[in-house]
Amino acid sequence: MRNKPIVKVQNLTKKFRLGRKVFLHAVDDLSFEINETEILGLVGESGCGKSTLGRLIIKLHEPTSGKIDFNGTDVSHKLSMAERRKFSRDVQLIFQDPYSSLNPRMTVKDIIAEGPDSCGLWKSEEREKKVAFWLERVGLHASHASRYPHEFSGGQRQRIGIARALALEPRLVICDEPISALDVSVQAQIVNLLKELQRERDLTYLFIAHDLSMVRIICDRMAVMYLGKIVELGTSAQVYDNPQHPYTKALVSSNPIPDPEFEQKRTRSLIQGEIGSPVNPKPGCRFAPRCPHVMDICRTTDPVDTKTEAGQVVACHLFSQKK
Amino acid sequence: MAVVTLYLVATATFILMHAVPGNPLQQEKAMSAVIRQNLEEKYGLNKPLLQQYTTYMSNMFLKADFGISFKQVNRPVNKIIAEHFMPSATLGVMALFGALVFGVILGVFAALNRNGIPDMFAMVLAVLGVSIPSFCLAYFLQHIFALQLGILPVGGWGGFAETLLPAMSLGMIVMASMARLMRSSMLEVVQQDYMKTAKAKGLSRLQIILKHQIRNAVLPVMIYFGPLFATITTGSFVIESIFGIPGLGQFFVNAVNELDYTVIMGLTVFYSGFTILIILVNDLLLAVVDPRIRLA
Amino acid sequence: MNKTAAQNDGNFNPSPDLFVPVSIDDQSLDGILGRPSISYWQDAWMRLRRNKTAIVSALYIVVLSLCAIIIPMSLDYSHDQQEIWNKHSPPSFGEDVYVDSGDYVFQPKTTEQVIDESAEAAIDVPASPKNVRVVGEPRTTGIEIEWDQVSGIDGYRVYRSISTDTLGIPLDDVPADRINYFDTSSLSKGVTYYYVITAFNMFGDSMDTEILTVKPRFAIQPDVARAIDPNAQPGSIIKTKAHYLGTDYLGRDMLARIMIGARVSLFIGFAAPILYILFGIIYGSVSGYFGGLVDDLMMRITDIVATVPELLVIIILQVVLGNGVTTLIIALVAVSWARSARQIRGEVLRLREMEFVHAAKVLGTGFFTIVARHLLPNVMGTVLVLLTLAVPSAIFTEAFLSFIGLGIEPPMTSWGIVTKEGAAVFVTYPLELLIPSLMICLTMLAFNLLGDGLRDALDPKLRGAK
């Protein structure tokens, strides 16, 4: 049973201009959907464009071309102040770095209340109560409201960031690598918190990460990105246990399993070479230079998204050939 | 970039000079009518402003002719520059050299003996050096060394002895700034990981200091050479007056006081050009010393 | 087995009832469980307070500013009021001075020239006049000298010196039939004068002259005395006004001049930096925030302005615009804004990329609120340090310019002008140079130390350090 999509992305492209004829293709002709109340994972190496994609959806970047639809409304254009205020009530972002995402000069209370203050969501009498509520909800204490960010640990700061994002009670939360900067033990706590909140409030998450096993656990569906393109998309179980795309296969196999005997017996599919450059990419499949199954067609034509019987979407000539 | 700046400076100076009402020659009452007419002819003071401008510019840039001093009739500015450049340059070089060398040494010693006596001494000296204006220091030094102790000449220009006091007065502020910059740079470098690596590799303390610490610490400091040079140049105006050194600085001050326009203009452009040249040299030097910049 | 502090007698066995569970709500633990919650500014202030030199410097600046305002108002003379009769006076609380009767009229004494018919025509310089003596009491209001006549000369010449080594300056030529002279030309108190009277003819001045040593008594004319004390009577002794730091070459009070100079120098020192830093903030923020082409263009302009040698431009501007406080401030601002704009733009660039600014955008915060809440407070630290270090530079520039002859116009005075005047008489009256120099040095020192202290206090890396 599929929910209806809350975000529809069509042919989304974002190019950064580096020089007169030099463009960095951060996100290249992407089309996918995020369904309501699902947790969609987005994985890939550093520099593959997943953060950019997240910021495009929340309108921190403007798309070079393509459409973004939120809940039926086209938000591809630059938002006016009023539109932005309305939009921020629906979509929020949890940042990666707990150290630079909180203004060191503001108290925790002001940080959490910043969104509602800007949008006029809370009445002044209820401000303190609401802040206290959110602090408690993310696992901190109401007395922390008058403190400053530097008095908290990384994990606690991230909780503050979560409280700040949720204070506006959005429907979609983009989590931009929310746990990458934290210790492993703290990561689990934060992830559990996020799951709780999602269940409680029927939230939709776009969970950007590079830790595959974590994504496998949390997310309903998973998309794998490489150099600005989605190479594979399916349920987490499908993508992780049964990867189709050569890149996904390599990614999954390189993930260490905490079982030494299994690790020893495992065959890894290794990829050669360095990650390519997203600057002025050559035509054809982005993964061609490193792919162990590369064919001639891969170097000239971009692969199209093909659906397997199981419902996985793969962008690879290996699959479109078979049709 | 540099050429553009120089051009703008020259133009700006020209505009400013001619913004002052009146023909500069009018003030010269002792000049006969014939001479005045000749001079006006030569420098086109009767011609429209635009023409004067082009004449001036082409004279300056193509022929390096800065015109003739108005107050000292028939003395070309070029000649003035040529005659008086050497003392100023010598003084400047001495001051700069001394300041840089001693400043760096002082800063290094301060950093190496952090919070110890040499450090405190050096830093007190540095703070004082930055706070005492060069002309005050000049008189002070003059009083002690020349008048009271009599071991150095009061002024004039001739041999090495005459250069000591002026160079010290000029260079003190630069030396002090250098020392502070060097010290903080050294302390920052010491925290870098490659310092620990060097120690772990087993290099002796001296080797570490010489090969790693100083070399890396000097880099951010070198960026300031240009502005510091400018400080010395302008400081020379006053120092030359106090010590009676026949250099360009004194001339500039006199020209300013007497409103001798060609000299002012010519010297300004000359000084600006020189400063810009030094900055360029500094940038090149930086590129040579710091491999990171070479690629940019 | 290692011993720890708690086990120093090896017998410490804690029992459970020594421990009491604590609730997180317990307010009494606020200072104990953790540091009290302090903001960035409070932390910086605390650290600054511990820096004694910075506090002393700050106090000095405050005291100086107060003095500059109050002292000139409480002195009963202005900074340009001249007491020529009291020039180069050392510091005093007021000296005793005699009020002259003021009705002395000099009577030239002449003699009959005895012409000795039998005497041969002169073939050499004449003999010097003998018995050169003082008439009456020598005072600084006038010294009368008399001598014995020398015959067959063209006239007498009066020389005066302040040392026995030199002949001194020729005061006047006196006709041959006169035998006395009244000197009133700028006699200073406390100075010993040496007079030499020569007789001269066509061959020159007489040699082997006598030297008359005169120590005039400090005296003033009645009208001058009444300017000090309206009830001053001739023949009485009154006290001069107190000159706590002495007087300069025109008899102007040094303290008043220093304090008025302080007003001017401090005013320029504050006004110019505040203006150009303010401009730098606006310029740098716009450039840094908007980035891209706007930033490129704006920084190009800044580069050009910054490359030009500052002092040269200031000098030229002064020549063109004329001297005075306003033109000086304009010149300073025109030349210095570029550097501060650059630095602030760097800060804004750094801040713009901070995630909390992005978060603010995502949360729907408006542009002005972002600037006010997120950008400005974080930039303030840099700005404050920039300010305190810009002030000594401005003070120095003003002093420097006034020293050359540009800068401030009299009758207004500034530290630069007082220094220049003091430098001229430095060899004989060192105090007149020392005092303004000391003021400049101390003030620059104070601002530098304060700036250093502020920089250390605001440095986040040192947060919490002792």
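The preceding data block contains the structure.
What comes next concerns the included structure. Keep in mind that what you see is a predicted model, and the values were worked out from it rather than measured.

The rules we used
Residues numbered from 1 in each chain as written. Chains lettered and ligands numbered in written order. Predicted model: local features only at pLDDT ≥ 70, side-chain atom pairs only at ≥ 80, totals over all residues. Heavy atoms only, no water. 1 Å grid on protein atoms, 1.4 Å probe; cavity = no way out; pocket = protein on both sides within 12 Å on 5 of 7 lines; lining within 4 Å. Points joined across faces, edges and corners; volume = space filled by probe spheres on them. Nonpolar A, V, L, I, M, F, W, Y, C, P; charged D, E, K, R; others polar. Helix = DSSP H or I, 4+ residues; strand = E, 2+ residues; numbered from the N terminus. Contact = heavy atoms within 4.5 Å. Buried area = accessible area lost by both parts, 1.4 Å probe. Salt bridge = Lys/Arg side-chain N within 4 Å of Asp/Glu carboxyl O. Polar contact = N/O pair within 3.5 Å; in protein donor to acceptor, adjacent residues only side chain to side chain. Pairing = 2+ DSSP bridges. Phe/Tyr/Trp six-rings, centres within 6.5 Å; stacked < 30°, edge-to-face > 60°. Buried < 20%, exposed > 50% of the residue type's maximum accessible area, 1.4 Å probe, protein only. Lys NZ or Arg CZ within 6 Å of the ring centre and 35° of its normal. Axes fitted to C-alpha atoms, helices over the stretch in contact; angles between N-to-C directions. Parallel < 35°, antiparallel > 145°, perpendicular 65-115°, else oblique.

### Here's the deal with empty space enclosed by the protein
Residues and elements named next belong to chain A. Considering all chains together, one arrives at 5 cavities of 30 Å³ or more under this definition. Taken as a whole, the largest cavity encloses approximately 80 Å³ of empty space. Lining the largest cavity are 14 residues, with Pro246, Cys285, Cys291, Cys298 and Cys316 sitting closest to its centre. Class assignment of the residues belonging to the lining of the largest cavity gives a composition of 11 nonpolar, 3 polar and no charged. Roughly 50 Å³ of internal volume is contained in the second largest cavity. Per-element tally for the lining of the second largest cavity: the top contributor is strand β10 (residues 229-235), with 3 residues. Grouping the amino acids of the lining of the second largest cavity by side-chain chemistry returns 7 nonpolar, no polar and 2 charged.

### Section: the interface of chain A and chain C
Contacts between the two partners involve 31 residues from chain A and, on the opposite side, 26 residues from chain C. Of the roughly 2600 Å² buried between chain A and chain C on both sides combined, carbon and sulfur atoms contribute 53%. The largest per-residue losses of area from chain A upon contact with chain C belong to A:Arg105, A:Glu114 and A:His150, which jointly make up 24% of the total buried on that side. At the boundary of chain A with chain C, the tally comes to 2 salt bridges. A:Asp110 is the partner of C:Arg373 in a salt bridge, and the nearest nitrogen-oxygen pair spans 3.4 Å. Scanning the region where chain A abuts chain C turns up 15 residue pairs in polar contact (both at pLDDT 80 or more).

### A closer look at the sheet that holds strand β1 (residues 96-99) of chain C
Residue and element names in this part refer to chain C. The strand order β10-β1-β11 describes an open sheet built from 3 strands, whose pairing is mixed. On the outer flanks of this sheet lie β10 (219-220) and β11 (237-239), each paired with one strand and no other. Pairing geometry for β1 and β10, over 2 bridges, is parallel. Counterpart to Tyr98 in the pairing with β10 is Ala219.

### What to know about the packing of aromatic side chains
The tally for this structure, following the rule as stated, stands at 21 aromatic pairs over all chains. Ring centres 6.2 Å apart and planes at 20° place the aromatic pair B:Phe135 and C:Phe396 in the stacked group. Of the two residues, B:Phe135 is situated in helix α6 (residues 134-148) and C:Phe396 in helix α10 (residues 367-404); the pairing between them involves two chains. Looking at B:Phe135, the relative accessible area reads 0%, which means it is buried. An aromatic cluster is built from B:Phe135, B:Tyr139, C:Phe396, C:Phe400, C:Phe403 and C:Phe426, whose rings are joined through pairwise contacts. Looking at A:Lys15, its charged tip hangs above the ring of A:Phe23, at a distance of 6.0 Å from the centre. Directly above the ring of C:Phe218 sits C:Lys189, whose terminal nitrogen or CZ lies 5.5 Å from the centroid.

### A closer look at the interface of chain B and chain C
With 40 residues of chain B at the interface, the matching set in chain C holds 33 residues. When the two sides are added together, the surface that chain B and chain C hide from each other amounts to roughly 3100 Å², 84% of it contributed by carbon and sulfur. Inspection of the chain B/chain C interface yields 1 salt bridge. The partner of B:Arg180 in a salt bridge is C:Asp452, and the shortest N-O contact between them spans 2.1 Å. For the interface between chain B and chain C, the tally reads 2 residue pairs in polar contact (both at pLDDT 80 or more). Secondary-structure elements contributing two or more residues to the side of chain B that touches chain C are α1 (2-19), α5 (117-131), α6, α10 (225-243), α11 (248-258) and α12 (261-289) of chain B.

### Here we look at unusual backbone geometry
Residue and element names in this part refer to chain A. In this model, Glu169 sits at a positive phi of 50°, which is unusual for a non-glycine residue. As for its placement among the helices and strands, Glu169 is situated in the loop between α5 (154-166) and β7 (172-176). The backbone phi angle of Asn280 is positive, close to 40°, even though this residue is not glycine.

### Focus: helix α11 (residues 415-424) of chain C
Residue pairs spaced three or four apart in an α-helix point in one direction, given the helix's 3.6 residues per turn. Of all the 10 residues making up α11(C), 8 are buried; the element is thus mostly covered by neighbouring parts of the structure. Taken as a whole, α11(C) has its buried residues at C:Trp415, C:Gly416, C:Ile417, C:Val418, C:Thr419, C:Glu421, C:Gly422 and C:Ala423. On its buried face, α11(C) is in contact with α6 of chain B together with α3 (52-74), α5 (254-290), α10 and α12 (431-458) of chain C.

### Things to note about the pairing of strand β1 (residues 5-17) of chain A
Residues and elements named next belong to chain A. Pairing of β1 with strand β2 (residues 23-35) involves 9 bridges; the strand directions are antiparallel. For Val7, the partnering residue across the bridge sits in β2 and is Ile34. Counting the residues in the hairpin turn of β1 and β2 gives 5 residues. Relative to strand β4 (residues 65-70), β1 runs antiparallel, the two being bridged by 5 bridges. The residue of β4 that forms the bridge with Val7 is Phe70.

### A word on the sheet that holds strand β3 (residues 142-146) of chain C
The pairing of strands in a sheet comes from backbone hydrogen bonds and takes either a parallel or an antiparallel form. Residues and elements named next belong to chain C. Reading across the sheet, the 3 strands line up as β2-β3-β6 and stay open at both edges, with antiparallel pairing between neighbours. Strand pairing shows two members of the sheet lacking a second neighbour, β2 (133-139) and β6 (180-183), which therefore form its edges. On average, each strand axis in the sheet is tilted by 10° relative to the strand beside it, whichever way the strands run. As paired elements, β3 and β6 share 4 bridges and run antiparallel to each other. In the sheet register, Glu144 faces β6, and the bridge partner there is Phe182.

### Examining the layout of surface pockets
By volume, the second largest pocket amounts to about 930 Å³. Going through the elements one at a time, α2 (81-88) of chain A together with α5, α9 (355-362) and α10 of chain C are the ones with two or more residues in the lining of the second largest pocket.

### Re the side chain of C:Ser57
Residue and element names in this part refer to chain C. Mapped onto the elements of the fold, Ser57 is located in helix α3. Separated by 2.8 Å, the side chain of Ser57 and the backbone oxygen of Thr53 make a polar contact. Not counting the four nearest positions on each side in its chain, Ser57 is found in contact with Ala446, Leu449 and Leu450.

### What to know about the pattern of salt bridges
Side chains that carry opposite charge are capable of pairing whenever their charged atoms lie near each other. Residues and elements named next belong to chain A. Counted under the stated rule, the structure contains 40 salt bridges over all chains. For the salt bridge of Lys4 with Glu36, the shortest nitrogen-to-oxygen distance reads 2.5 Å. On the criterion of sequence distance, the pair formed by Lys4 in the segment before β1 and Glu36 in the loop between β2 and β3 (39-43) is long-range, its members being 32 residues apart. Across the pair Asp176 and Arg55 runs a salt bridge, and its minimum N-O distance is 3.5 Å. Highlighted residues: Asp176 in strand β7 and Arg55 in helix α1 (residues 50-57), separated in sequence by 121 residues. Here Asp176 falls in the buried class, since its relative accessible area comes to 2%. Exposure remark for Arg55: the relative accessible area of 11% places this residue in the buried category. A network of salt bridges, in which partner residues are shared, links Arg137, Glu169, Glu196, Glu200 and Arg201.

### As for the packing of α9(C) against α10(C)
Residue and element names in this part refer to chain C. Relative orientation of the contacting elements α9 and α10 amounts to 175°, with a least axis distance of 10 Å. When the axes of α9 and α10 are compared, the pair comes out roughly antiparallel. Listed contacts from α10 to Phe356, Val357, Ala360 and Lys361 of α9 are Ile370, His374, Leu375 and Asn378. Considering only residue class, the contact of α9 with α10 consists of 5 nonpolar, 2 polar and 1 charged.

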